[in-house]
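Each chain, letter by letter, is given below.
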Amino acid sequence: WLDSLRFDNLVLRSLPVDTSEDSGPRAVPGACFSRVQPSPLQNPRLVAMSLPALALLGLKAPAADQEAAEAEAALYFSGNRLLAGSEPAAHCYCGHQFGSFAGQLGDGAAMYLGEVLSPQGERWEIQLKGAGLTPFSRQADGRKVLRSSIREFLCSEAMFHLGIPTTRAGTCVTSDSKVVRDVFYDGNPKNERCTVVLRIASTFLRFGSFEIFKPPDEYTGRKGPSVNRNDIRMQMLDYVISTFYPEIQEAHSDNNIQRNAAFFREITKRTARLVAEWQCVGFCHGVLNTDNMSIVGLTIDYGPFGFMERYDPEHICNGSDNTGRYAYNKQPEICKWNLGKLAEALVPELPLEISELILEEEYDAEFEKHYLQKMRKKLGLIQLELEEDSKLVSELLKTMHLTGGDFTNIFYLLSSFSVDPDPSVLEDFLEKLTNQCASMEELKVAFKPQMDPRQLSMMLMLAQSNPQLFALIGTKANINKELERIEQFSKLQQLTAADLLSRNKRHWKEWLEKYRIRLQKEIESVSDADAWNNDRVKVMNSNNPKYILRNYIAQNAIEAAENGDFSEVRNVLKLLENPFQEAEDFEEVKEGAEEEGASAAAAACAQETKGRLPYCSKPPLWASELCVT
């Protein structure tokens with residue numbers, strides 16, 4: 001069923017390809033791609049496939065012999081056999097990682113297979129992630145493991161069905177081949193299964209693709225592999241704009257500076273809208289380096305991402321992000337900083353004074369406009385656009401923060417809020433809301449001090465006596481955060497569960513009164529209040545998901561898969577394809593998947609899954625121990 005794929009590998013004809021066939025790690029000057037070959041895996045088998053993603057390529061799995069279709073997908077999408085017309089290659093790019101220029105990076109574990117032309121005439125690049133060594137693998141092995149692959153596979157599809165621009169994932173294929181991984185970098189390595197994800201996008205080019213021309217960095221001394229090759233930069237701009245921004249190419253075909261400025265303006269606006277969408281669903285990327293920023297405005301490279309649960313503006317999803325550079329509330333400014341680095345990488349083809357002006361004019365305004373538009377929909381403010389709406393949103397988030405509200409579930413609940421001022425109706429609603437706030441146990445885990453008191457005391461003394469040495473081993477922000485944790489933890493010791501509930505109800509009652517007044521203004525502006533309310537609920541329910549890929553849901557699926565049962569991955573995928581709808585038939589899906597289970601271990605996992613929390617539940621207490629690096 002994969003024979004129907006038609007390849008037309010335009011990027012390899014448009015940009016320079018390295019002539020060397022040496023697959024070992026090396027610098028790759030004067031080229032955008034290197035030809036590579038996937039390394040075969042032992043006994044590849046399909047974990048799951050996304051039929052909506054594969055449909056982009058014109059693929060439809062045959063209903064008659066599903067087993068054979070899955071075996072064929074595993075064979076080709078593991079890299080064990082190449083599709084006719086595919087030309088495997090690895091892309092060369094650089095990047096600023098955690099604010100510092102890292103020099104050449106490139107596809108260390110991903111391989112371009114080619115570009116598929118769909119029956120609708122669309123062009124889709126397909127990639128294998130985890131298929132083996134490339135010249136850009138550095139000290140690594142070019143492999144990915146089951147846990148990270150399942151997370152990327154599920155989140156790519158989850159984001160698409162949430163309506164957020166993203167790369168897609170077609171299949172997830174695991175194997176009996178093993179690699180050693182030190183999961184938490186704590187000296188406890190273990191063998192894990194090599195796993196490959198088929199990724200799909202219009203292109204995987206990124207901001208860092210243009211940084212290969214960077215001269216030696218003034219701070220790190222590192223440089224791009226293609227310094228002084230402005231001819232390649234021109235080729236890359238021609239290719240990117242004519243292929244992915246054809247309307248801009250057409251409008252400015254006689255003036256390259258104007259064309260490049262229009263392109264930069266558009267990617268600035270797309271990036272601003274993208275990060276606004278992230279903020280509105282509580283998505284944290286985790287590693288917003290310039291090499292993880294798409295040149296067409298997609299969410300790309302799912303690593304230590306996470307959906308925020310208990311609302312905390314300073315939430316950090318990446319356990320390796322010690323300084324909180326990529327915290328939830330920092331994402332908008334970091335994406336703007338990354339655009340500044342893209343602007344530098346486009347010089348001289350786009351002078352910096354032009355791009356910097358565009359960035360200042362467009363980014364913040366576009367972000368704020370899109371964010372507020374989306375938040376109005378999430379709150380059901382569909383009739384009027386009032387200046388006070390921004391304040392209402394920020395007061396909602398402040399209330400969520402004060403009460404430890406579950407970001408997704410609070411928004412989802414708000415569609416059932418009644419404007420009716422009946423005290424008993426309000427009391428019932430407050431009960432539902434406070435059930436979605438952090439319990440005493442959750443707060444004690446969240447605010448538990450993380451430093452040994454003696455260590456903290458020493459760090460505070462050092463900050464006073466030797467600021468230079470302190471700067472090397474700690475940050476003021478980290479110390480302040482620890483002091484805040486100690487203060488909050490101390491307050492919690494004095495608080496009873498009844499006090500907490502009473503305090504939470506008071507906070508929510510205050511905000512709901514403001515929300516009721518704002519909804520009343522909507523009602524006063526319409527002739528039919530019932531029709532307005534129906535529309536309001538419909539808009540809210542299509543903008544506030546019931547289901548997101550929470551870390552604990554992903555972890556349950558990973559643990560089942562590591563025990564040989566892939567049914568939970570498939571269940572979760574099905575669930576995430578309809579994030580805004582009640583999953584009424586979900587038990588049936590589970591039972592069907594359970595019947596397919598081959599082993600006793602698989603059946604045990606499936607049985608355990610049945611006893612778990614509903615997928616829309618705020619996380620269990622054990623989930624707070626999950627650390628994604």
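The shown structure was predicted, so the numbers you read here are calculated from the model rather than taken from an experiment. (Residues numbered from 1 in each chain as written. Predicted model: local features only at pLDDT ≥ 70, side-chain atom pairs only at ≥ 80, totals over all residues. Heavy atoms only, no water.)

Peer 1: Sorry, what's going on with the overall build of the chain here?
Peer 2: Summing up its helical and strand segments, the chain has 22 helices and 13 strands in all. Its C-alpha atoms give the chain a radius of gyration of 26 Å, near enough to 25 Å, the size a compact globule of 629 residues would have. Projected onto the principal axes, the alpha-carbon positions of the chain cover approximately 75 × 65 × 60 Å. Considering the chain as a whole, with its 629 residues, one finds that 53% of them fall into the buried category. Taking as baseline every contact in the chain between residues at least 6 positions apart, the subset at least 24 positions apart corresponds to 73%. On the chain, roughly 27,500 Å² of surface is accessible, and the fraction owed to carbon and sulfur atoms is 50%. Positive and negative side-chain charges in the chain, numbering 69 and 89 respectively, have mean positions lying 3 Å apart. (Helix = DSSP H or I, 4+ residues; strand = E, 2+ residues; numbered from the N terminus. Rg over C-alpha atoms; globule rule 2.2 N^0.38 Å. Buried < 20%, exposed > 50% of the residue type's maximum accessible area, 1.4 Å probe, protein only. Contact = heavy atoms within 4.5 Å. Areas by Shrake-Rupley, 256 points an atom, 1.4 Å probe, with all protein chains shown as cover. Lys, Arg positive; Asp, Glu negative; His and termini not counted. Charge placed at Lys NZ, Arg CZ, Asp CG, Glu CD.)

Peer 1: How do you make sense of the environment of V183 when you look at a structure like this?
Peer 2: By the secondary structure assignment, V183 is in the loop between β10 (168-181) and β11 (190-201). It is 25 Å that separates the C-alpha atoms of V183 and F77, two residues lying 106 residues apart in sequence. Discounting residues that sit within four places of it in the chain, V183 has contacts with R147, K190, E192 and T629.

Peer 1: Before we go on, may I ask you to explain the packing of aromatic side chains in this structure?
Peer 2: Here a ring pair, both rings aromatic, is described through the centre-centre distance and the interplanar angle of the planes. Applying the stated rule across the entire model yields 18 aromatic pairs. Here the aromatic rings of Y302 and F305 are separated by 5.8 Å at their centres, their planes lie at 90°, and the arrangement is edge-to-face. Given a relative accessible area of 3%, Y302 falls into the buried group. Judged by its relative accessible area of 0%, F305 falls in the buried class. Taken together, the aromatic side chains of W278, F283, Y302, F305 and F307 make up a single cluster linked through ring pairs. If you follow K214 out to its NZ or CZ, it ends over the ring of F101, 5.4 Å from the centre. The aromatic ring of F411 is capped on one face by K378, whose charged end is 4.5 Å from the ring centroid. (Phe/Tyr/Trp six-rings, centres within 6.5 Å; stacked < 30°, edge-to-face > 60°. Lys NZ or Arg CZ within 6 Å of the ring centre and 35° of its normal.)

Peer 1: Is there a simple way to think about the pattern of salt bridges in this case?
Peer 2: If charged atoms from side chains of opposite charge come close, those side chains can pair. Using the criterion set out here, one finds 47 salt bridges in the structure. As a salt-bridge pair, D22 and R26 come within 4.0 Å of each other at their nearest N and O atoms. A salt bridge links K336 to D364; the nearest nitrogen and oxygen atoms lie 3.0 Å apart. Within this pair, whereas K336 is found in helix α8 (residues 331-345), its partner D364 is found in helix α9 (residues 352-378), the two being separated by 28 residues in sequence. (Salt bridge = Lys/Arg side-chain N within 4 Å of Asp/Glu carboxyl O.)

Peer 1: Looking at this model, I keep getting lost on the environment of C335. Mind explaining?
Peer 2: Mapped onto the elements, C335 comes out in helix α8. The class of C335 is buried, set by a relative accessible area of 1%. Taking the C-alpha atoms as reference points, C335 and A272, 63 residues apart in sequence, are found 7.7 Å from one another. Excluding anything up to four places from it in sequence, C335 contacts T271, V275, W278, L288, M293 and Y363.

Peer 1: I tried to follow helix α4 (residues 146-161) on my own but got confused; where do I start?
Peer 2: Structurally, the α-helix is built with 3.6 residues per turn, so residues lying three or four positions apart point the same way. If you check α4, its first and last C-alpha atoms are 23 Å apart, about what 16 residues at 1.5 Å a residue would give, namely 22 Å. With 13 of 16 residues buried, α4 lies mostly within the body of the structure. (Expected span 1.5 Å × (residues − 1).)

Peer 1: For this particular structure, what's the right way to read the pairing of strand β7 (residues 110-117)?
Peer 2: In the case of a regular strand, side chains alternate between the two sheet surfaces. Summarising burial for β7: seven of the eight residues are buried, a large majority. What sits between the antiparallel neighbours β7 and strand β8 (residues 123-129) is a turn of five residues, in which G121 has the positive phi angle 85°. (Pairing = 2+ DSSP bridges.)

Peer 1: What exactly am I supposed to notice about the nonpolar core here?
Peer 2: Across soluble globular proteins, nonpolar side chains show a tendency to be buried alongside one another. Counting residues in each nonpolar core, the largest one holds 161 residues, and the members touching the most others are F264, L379, L414, Y515 and L549. With eleven residues, the single largest contributor to this core is helix α7 (residues 256-281). Of the domains in this structure, domain 1 (6-250) and domain 2 (256-376) are the two that each give at least three residues to this core. Discounting residues that sit within four places of it in the chain, F264 has contacts with L339, L342, A343, L346, L350, S355, I358 and L359. (Core = buried A, V, L, I, M, F, W, Y, C linked by side-chain atoms within 4.5 Å. Domains from an automatic or database assignment.)

Peer 1: Before we go on, may I ask you to explain the side chain of R168 in this structure?
Peer 2: Within the element layout of this structure, R168 appears in strand β10. Of note is the side chain of R168, whose polar atom sits 2.8 Å from the side chain of E157. Setting aside chain neighbours within four positions, we find R168 in contact with S50, P52, A53, L56, S156, E157, F160, H161, L198, R199 and I200. (Polar contact = N/O pair within 3.5 Å; in protein donor to acceptor, adjacent residues only side chain to side chain.)

Peer 1: Help me understand the domain arrangement of the chain, please; the structure alone is not making it clear to me.
Peer 2: A common measure of how large an interface is: the accessible area buried when the components associate. As far as domains go, the chain holds domain 1 (6-250) and domain 2 (256-376). For domain 1 versus domain 2, the separation of C-alpha centres amounts to 21 Å. Contacts between the two partners involve 42 residues from domain 1 and, on the opposite side, 47 residues from domain 2. For the pair domain 1 and domain 2, the two sides together bury roughly 3,800 Å², of which 64% comes from carbon and sulfur. The largest per-residue losses of area from domain 1 upon contact with domain 2 belong to F98, F207 and Y245, which jointly make up 22% of the total buried on that side. At the boundary of domain 1 with domain 2, the tally comes to three salt bridges. Taking the shortest distance from any N to any O, the salt bridge between R259 and D238 comes out at 2.9 Å. (Buried area = accessible area lost by both parts, 1.4 Å probe.)

Peer 1: When you look at a nonpolar patch on the surface in this model, what are you seeing that I'm missing?
Peer 2: A grouping of L460, L483 and I486 is seen on the molecular surface, where their side chains present a nonpolar patch of about 210 Å² in accessible area. With respect to the element layout, L460 can be found in helix α14 (residues 453-465). (Patch = residues over 30% accessible without salt bridge, like charges linked within 9 Å, V, L, I, M, F, W, Y side chains within 5 Å.)

Peer 1: What exactly am I supposed to notice about unusual backbone geometry here?
Peer 2: For residues that are not glycine, phi is negative in most cases, and the peptide bond is trans in most cases. Backbone torsion omega between V347 and P348 reads 10°, so that peptide bond is classified as cis. Its place among the elements puts P348 in the loop between α8 and α9. The phi dihedral of F98 is positive, around 50°, even though this residue is not glycine. Tracing the backbone shows F98 in the loop between β5 (94-97) and β6 (100-104). Even without a glycine there, the phi angle at N228 is positive, about 70°. With respect to the element layout, N228 can be found in the loop between β11 and α5 (230-244). For N228, a relative accessible area of 72% gives the class exposed.

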